[in-house]
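Residue-level listing of the chains:
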Amino acid sequence: MKEKGGKAPNLLAIYGSPRRRGNTSTLLDRVVQGALDAGAKVDKVVLRDLKMSPCLEIYGCKKTGRCVIKDDFDNVYDQLLACDGLMLASPIFFYTVSATTKILMDRCQSLWVKKHWIDKVPHGEWKPKRKGLFISVGATKGKRLFEGTVLTVRYFFEVLDAELWRTLLYRGLDFEGDVLKHPEYLREAYETGRELASALKP
Ligand SMILES: Cc1cc2nc3c(=O)[nH]c(=O)nc-3n(C[C@H](O)[C@H](O)[C@H](O)COP(=O)(O)O)c2cc1C
């Protein structure tokens, strides 16, 4: 059931797993459904479907703040700047995000360059314009499983002027479909999507 009133918040859902129907994708689908039901507009980016080179560290972005590599990142760049909030889902691969997610992050160095070198925003002085949700899962159960990754995501979000609004982190999920054995995780994901959309309403 859609809720009415105000301008619909514009959310970007970024799918970072190589698995189309894996655990993080399933969780993100639930978040997206919650956000839609709460009246948000949601665009989806499925990283595994995009042609995106890693950052080549040539700093072609120094003049304009836009990456000079011509590939699918060009469009994602505009989507990242246009959204009010973003939802990023990546599995834990070797204690960090998936390779496609890391490629996206590194290509956003162009935004870091724009912010700090072109627009001269001093480090540490930024006001959040967006809210970011990070969703992740790992197969193991260690206490520190998500520690490094959350730090990485926090600073990635900062480049996007997004505060790390919330995380959904689940341990002990390995095989495709494992998350379906935890309806409580799916419910939490759905509710979080609703909350994010509500938190972004004017
Ligand atoms: C390349 C690779 C590296 C992984 N590294 C870790 C790891 O460091 N720690 C961990 O707990 N699980 C690790 N896993 C397991 C995944 O996090 C787990 O299978 C997860 O459920 C996959 O999420 P998805 O279904 O959304 O892709 C790894 C899996 C792969 C394929």
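To be clear, the structure that these remarks concern was listed above.
Owing to the predicted nature of the structure, the values given are computational and were not obtained by experimental measurement. (Residues numbered from 1 in each chain as written. Predicted model: local features only at pLDDT ≥ 70, side-chain atom pairs only at ≥ 80, totals over all residues. Heavy atoms only, no water.)

A. How the structure looks around a nonpolar patch on the surface. Residues Leu-56, Ile-58 and Val-68 make up a contiguous nonpolar surface patch of about 290 Å² in total accessible area. Within the fold, Val-68 resides in the loop between strand 2 (41-46) and helix 2 (73-82). (Patch = residues over 30% accessible without salt bridge, like charges linked within 9 Å, V, L, I, M, F, W, Y side chains within 5 Å. Areas by Shrake-Rupley, 256 points an atom, 1.4 Å probe, with all protein chains shown as cover. Salt bridge = Lys/Arg side-chain N within 4 Å of Asp/Glu carboxyl O. Helix = DSSP H or I, 4+ residues; strand = E, 2+ residues; numbered from the N terminus.)

B. Here's a closer look at unusual backbone geometry. Not every positive phi belongs to a glycine, and Glu-57 is a case in point at roughly 55°. Locating Glu-57 in the fold gives a position in the loop between strand 2 and helix 2. On the accessibility criterion, Glu-57 (61% relative accessible area) is exposed. With phi around 55°, Asp-161 is a residue other than glycine that occupies positive phi space. (Buried < 20%, exposed > 50% of the residue type's maximum accessible area, 1.4 Å probe, protein only.)

C. Quick look at the site of the ligand. Within the structure, the ligand sits among 17 residues, and Ser-17, Thr-24, Thr-140, Leu-173 and Asp-174 are positioned closest to it. Between Asn-23 and the ligand, the recorded distance is 2.8 Å, taken from a backbone N or O atom to an oxygen atom. In the complex, the protein chains occlude 78% of the 640 Å² of accessible area that the ligand would expose alone. Across the shell around the ligand, the residue classes break down as 9 nonpolar, 6 polar and 2 charged. (Near = heavy atom within 4 Å. Polar contact = N/O pair within 3.5 Å; in protein donor to acceptor, adjacent residues only side chain to side chain. Nonpolar A, V, L, I, M, F, W, Y, C, P; charged D, E, K, R; others polar.)

D. Looking closely at the nonpolar core. Among the nonpolar cores identified, the biggest contains 31 residues, and Ile-14, Leu-80, Leu-86, Leu-104, Phe-157 and Leu-160 are the most heavily contacted of them. Elements represented by at least two residues in this core include exactly strand 1 (10-15), helix 2, strand 3 (85-91), helix 3 (99-107), helix 5 (147-159) and strand 5 (162-170). Tallying contributions element by element places helix 5 first for this core, with 5 residues. Ignoring anything within four residues of it in the chain, the contact list for Ile-14 reads Leu-28, Val-45, Leu-47, Leu-80, Leu-86, Met-87, Leu-88, Ala-89 and Leu-104. If you look at the next biggest cluster of nonpolar residues, it comprises 27 residues, including Leu-28, Val-31, Trp-165 and Ala-197. (Core = buried A, V, L, I, M, F, W, Y, C linked by side-chain atoms within 4.5 Å. Contact = heavy atoms within 4.5 Å.)

E. Geometry of the sheet that holds strand 1. Ordered in space as 2-1-3-4-5, the 5 strands form an open sheet in which the pairing is parallel. Looking at the sheet topology across the chains shown, the edges are occupied by strand 2 and strand 5. Pairwise comparison of adjacent strand axes, ignoring direction, gives a mean angle of 15° for this sheet. Most of the contacts of helix 6 (residues 183-199) go to strand 5, to which it runs at about 170°, and overall it touches strand 1, strand 3, strand 4 (130-137) and strand 5. (Pairing = 2+ DSSP bridges. Axes fitted to C-alpha atoms, helices over the stretch in contact; angles between N-to-C directions.)

F. Structural context of the side chain of Thr-26. By secondary structure assignment, the location of Thr-26 is in helix 1 (residues 23-37). Under the relative-accessibility criterion, Thr-26 is labelled buried at 16%. Within the structure, Thr-26 has its side chain in polar contact with the backbone oxygen of Gly-22 (distance 2.7 Å). Non-local contacts of Thr-26, meaning those with residues more than four positions away in its chain, are made with Arg-21, Val-179, Leu-180 and Leu-186.

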